[in-house]
Amino acid sequence: MNKISKKIVKIFKKKIKLNKVYLHEPDLNKSDSVYLKDCINQNAVSAAGKFIQKFENKILNLTKAKCVISTNSGTSALHISCILMNVKENDEVLVPAFTFVATANAIKYCGAIPHFIDIEENHFGVNVNKLDNYLKEISIKKGNFCFNKKTGRKIKAIMPVHVFGHFMKINELIKLAKKYNLSIIEDAAEAIGSYYKNKHAGTFGHIGVLSFNGNKTITCGAGGAILTNNKKVAQKARHLIATAKIAHPYNYIHDEVGFNYRMANLNAALGYSQIKRIKKILKKKRKLFNFYDKIFKGNIYFKLINEPKKSKSNFWLQTILINEKYSKFTKKIIEDLNDKKIYVRPGWELMNNLKHFKNCPKMDLSIAKRICKRIINIPSSSFLERYIK
Ligand SMILES: Cc1ncc(COP(=O)(O)O)c(C=O)c1O
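Residues numbered from 1 in each chain as written. Predicted model: local features only at pLDDT ≥ 70, side-chain atom pairs only at ≥ 80, totals over all residues. Heavy atoms only, no water.

Asker: Just to check I follow, could you spell out the sheet that holds strand β12 (residues 302-304) for this structure?
Answerer: Two pairing modes exist for strands in a sheet, parallel and antiparallel, and in both the strands are linked by backbone hydrogen bonds. Across the sheet, four strands lie side by side as β12-β14-β16-β15; this open sheet has antiparallel pairing. A strand with exactly one partner marks an edge of an open sheet, and here the two such strands are β12 and β15 (345-346). Across three bridges, β12 lies against strand β14 (residues 318-322) in antiparallel orientation. Note on β14: the bridge partner recorded for F302 is I322. Set on the sheet, helix α10 (residues 278-295) makes contact with β12, β14 and β16 (375-378); between it and β14 the angle comes to about 30°. Sheet strands in contact with helix α11 (residues 330-339) are β14, β15 and β16, and its direction is about 20° off that of β16. (Pairing = 2+ DSSP bridges. Helix = DSSP H or I, 4+ residues; strand = E, 2+ residues; numbered from the N terminus. Contact = heavy atoms within 4.5 Å. Axes fitted to C-alpha atoms, helices over the stretch in contact; angles between N-to-C directions.)

Asker: What should I look at first to understand the side chain of H162 in this one?
Answerer: Residue position: H162 is located in the loop between β6 (154-158) and α7 (170-179). Judged by its relative accessible area of 0%, H162 is buried. Reaching out from H162, the side chain makes a polar contact with the backbone nitrogen of M168 at a distance of 3.2 Å. (Buried < 20%, exposed > 50% of the residue type's maximum accessible area, 1.4 Å probe, protein only. Polar contact = N/O pair within 3.5 Å; in protein donor to acceptor, adjacent residues only side chain to side chain.)

Asker: Would you mind showing me how to read the environment of A222 here?
Answerer: By secondary structure assignment, the location of A222 is in the loop between β10 (207-211) and β11 (224-228). Looking at A222, the relative accessible area reads 32%, which means it is partly exposed. Each C-alpha atom, one on A222 and one on K54, is 17 Å from the other, the two residues being 168 residues apart in sequence. Once you skip the residues sitting within four places of it in the chain, A222 turns out to touch N72, F212, N213, M263 and N267.

Asker: Help me understand the domain arrangement of the chain in this model?
Answerer: It is common to give the size of an interface as the accessible area that goes away when the parts come together. For the chain, the assigned domains read domain 1 (3-26 + 278-387) and domain 2 (30-275). Here the C-alpha centre of domain 2 lies 25 Å away from the C-alpha centre of domain 1. At the junction of the two partners, domain 1 supplies 46 residues and domain 2 supplies 49 residues. Between domain 1 and domain 2, roughly 4000 Å² of surface is buried when both sides are summed, and carbon and sulfur atoms account for 67% of that area. Contact with domain 2 buries surface across domain 1, with I278, W348 and M363 losing the most and accounting together for 20% of the total. There are two salt bridges connecting domain 1 and domain 2. Joining domain 1 to domain 2, the criterion identifies 23 residue pairs in polar contact (both at pLDDT 80 or more). Of all the secondary-structure elements, those providing two or more residues to the side of domain 1 that touches domain 2 are α10, β13 (311-312), β14, α12 (366-372) and β16. (Domains from an automatic or database assignment. Buried area = accessible area lost by both parts, 1.4 Å probe. Salt bridge = Lys/Arg side-chain N within 4 Å of Asp/Glu carboxyl O.)

Asker: Help me out: how do you make sense of the packing of helix α4 (residues 74-84) against helix α8 (residues 231-241) in this one?
Answerer: In contact at an axis separation of 10 Å, α4 and α8 are set at 125° when each is read in the N-to-C sense. As judged from the angle between their axes, α4 and α8 are oblique. Crossing angle aside, the handedness with which α4 passes α8 is right-handed. Across from I80, I83 and L84 in α4, the residues of α8 making contact are V233, K236, A237, L240 and I241. Taken together, the residues of the contact of α4 with α8 break down into seven nonpolar, no polar and one charged. (Parallel < 35°, antiparallel > 145°, perpendicular 65-115°, else oblique. Left-handed = near helix turned anticlockwise from the far one by under 90°. Nonpolar A, V, L, I, M, F, W, Y, C, P; charged D, E, K, R; others polar.)

Asker: Just to check I follow, could you spell out the pairing of strand β7 (residues 183-187) for this structure?
Answerer: Two faces belong to every sheet, and in a regular strand the side chains alternate between them. In terms of burial, β7 is a largely internal element, five of the five residues being buried. Side chains of β7 alternate between two faces, with S183, I185 and D187 and I184 and E186 buried alike. Here β6 pairs with β7 via two bridges, running parallel. For A157, the partnering residue across the bridge sits in β7 and is S183. Pairing geometry for β7 and β10, over three bridges, is parallel. When the bridges of β10 are listed, E186 appears paired with G208.

Asker: Could you clarify how one ought to interpret helix α3 (residues 50-63) in this entry?
Answerer: Residues that lie three or four places apart on an α-helix share one face, since the helix turns once every 3.6 residues. Its 14 residues place the ends of α3 20 Å apart at the C-alpha level, agreeing with the 20 Å of an ideal helix rising 1.5 Å per residue. At the C-terminal side of α3, K64 shows a positive phi close to 65°. (Expected span 1.5 Å × (residues − 1).)

Asker: Help me understand the site of the ligand in this model?
Answerer: Around the ligand, 16 residues are found, and the nearest of them are T75, D187, E190, S211 and K216. One of the backbone nitrogen or oxygen atoms of G74 is found 2.8 Å away from an oxygen atom of the ligand. Within the side chain of K216, one N or O atom sits 2.6 Å away from an oxygen atom of the ligand. Considering the ligand on its own, with 390 Å² of exposed area, one finds that the protein chains cover 93% of that surface. Of all the secondary structure elements, the ones that give two or more residues to the shell around the ligand are α4 and α5 (101-109). Within the shell around the ligand, the residues separate by chemical class into five nonpolar, eight polar and three charged. (Near = heavy atom within 4 Å. Areas by Shrake-Rupley, 256 points an atom, 1.4 Å probe, with all protein chains shown as cover.)

Below is the structure:
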């Protein structure tokens, strides 16, 4: 085992009373099953049922978005959001090279082209300054649209991501998007419960997306939500996720190609139960961050990622960034910790390296390249704080 791994393993074994520590497990309890049983007792397990509305109301309350539309995943919410922001075949959409694959896939689903952009070092969000300089060089404004001078294609939108629940520099990005006439599709899949100056993630862009997948801060099992302040956009979203069926008691008429992306009542019941406890869950996640902050203080090998200034992170995935000097050991540390049943994982492979995105346009990605090989996500389940010695 490598020297750094040994030190981390020793700390974990000494401080956490568990033989196996998983990366992120859902925070479930008996009260969750009460609502799930209710769905079964009511024969309401699918797209009709009281919990869908109840869950959406809770999200409205938490995020203060004007409209919330629940979906069957964060990925489907991103796909519909791209359609609603008028992303069409052969348009380009700016997207960070460092994100989960769903962000870039959603662009592809529309026949559009992801255009990969670099990130900043501290919280891994879009590097707005660098992007501004890049767009000055490669773009030209014609009428109301921004075009890529090199490819001749329209650049329609940008998809910022709040990586691991930490806010990217959203206000700077809003200014940039205005300057280049870009729609903002805010991927807040990882950021339920994260705020910048008391405003919830996903409510800054023209449209925003949350995920309630099993590995997220709160879960529906699988699920997502679209956030928007525009009632017309919300109406269209509801139509598209429900196969574009025209409302009628028994006729099946669909007025365009729609999707089967609605959230099921069963999933909403779990989400409703979970969101009722979100404050407690967030508190526990913050406590876990404080614990890591304390036990790793003064180490020379890595830094623990804290929340950005003026924001409140949900601390979805706790993250360490190995210092550049020790960068080459990252892979070995990950292997060693997994061998010792401390289940950590590396940062995502950069999107531009994936086979299906190889030929997509990209800017200089030197920061993402330098950073992504040094990221390790460490165990982050909210209930871990119960096992702290
Ligand atoms: C940044 C990001 N975008 C989108 C998604 C997709 O969400 P889902 O898994 O609910 O489809 C995820 C989920 O892992 C994510 O982390």
